[in-house]
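# Overview (structure and organization)
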Amino acid sequence: MIPNTKISQTILEFGKSSILALPSDHTKEEFENVITIVITAWNAVVMDGWESGNRFEAQLLSSLQSAPKVIRVEMKRLIKRKKTKFGSDPRGVGNHWVRVKDGEFVFGCEARLNVENAPVTGATH
């Protein structure tokens, strides 16, 4: 079943601990960097689900071999969180953005779905 929450709201909840780790006076660029990491982990797991494999997760972790340990650990934590807490959400994230509105950062994104394997219930054609 496809969740009825906005994908942007789901991503913010999924990445909550990473976002909260930012300093209180973080910049837009710092927020965008964290959101990109969160979305990358999310999409790797989602696309592996679309293909019933683990190619994207493996490529992601392989690409981080020379990254600082803290980054590798955080990515593994996010991957595990997606699988355990958000595993039933088949939506990927397409375009995303961060805007400043009234001095606050506003995050938005577009959902993507593999329509060939989308979970559908009660549909008639």
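For the structure itself, look to the data block above.
Throughout what follows, the structure given in this document is the object of discussion.

How each quantity is defined
- Chains are numbered independently. Their residues run from 1 in the order of the written sequence.
- For this predicted model, a pLDDT threshold of at least 70 governs which residues receive local features, and a threshold of 80 or more governs which side-chain atom pairs are given and counted, while totals over whole chains, interfaces and linings are taken from all residues.
- Only hydrogens and water are set aside; all other atoms, that is, all heavy atoms of the structure, feed into the side-chain values.
- Whether two strands pair comes down to DSSP finding at least two bridges between them.
- In this text, helices come from DSSP runs of H or I with a minimum length of four residues, and strands from runs of E with a minimum of two, each type numbered from the N-terminal end.
- Geometry of aromatic contacts follows a simple scheme: Phe, Tyr and Trp rings, the Trp one being its six-membered ring, pair when their centres are within 6.5 Å, and the pair is stacked under 30 degrees between planes, edge-to-face over 60, tilted otherwise.
- When a residue's accessible area, from a 1.4 Å probe over protein chains only, is under 20% of the maximum for its type it is buried; when over 50% it is exposed; and in between it is partly exposed.
- Lysine NZ or arginine CZ positioned within 6 Å of the ring centre and within 35 degrees of the ring normal marks a charge as sitting over the ring.

So, on to the pairing of strand 2 (residues 104-112). Sheet topology note: the strand 1 (residues 92-101)/strand 2 ladder contains eight bridges and is antiparallel. The residue bridging Val98 from the neighbouring strand is Phe107, located in strand 2. Joining the antiparallel neighbours strand 1 and strand 2 is a turn of two residues, in which Asp102 adopts a positive phi near 50 degrees.

With that settled, consider the packing of aromatic side chains. Counting across every chain of the model gives four aromatic pairs. Here the aromatic rings of Phe14 and Phe86 are separated by 5.5 Å at their centres, their planes lie at 85 degrees, and the arrangement is edge-to-face. On the criterion of sequence distance, the pair formed by Phe14 in helix 1 (residues 7-14) and Phe86 in the loop between helix 5 (69-85) and strand 1 is long-range, its members being 72 residues apart. Taking 5.8 Å as the distance between ring centres and 65 degrees as the angle between the ring planes, the aromatic pair formed by Trp42 and Phe86 counts as edge-to-face. Residue Trp42 is found in helix 3 (residues 28-51), and its partner Phe86 is found in the loop between helix 5 and strand 1; the two are separated by 44 residues along the sequence. Phe86 shares its class with Trp42; the two are buried. Members of the aromatic cluster, each reached through a chain of ring pairs, are Phe14, Trp42 and Phe86. Here Lys82 stacks its cationic end above the ring of Trp42, 4.1 Å away from the centre of that ring.

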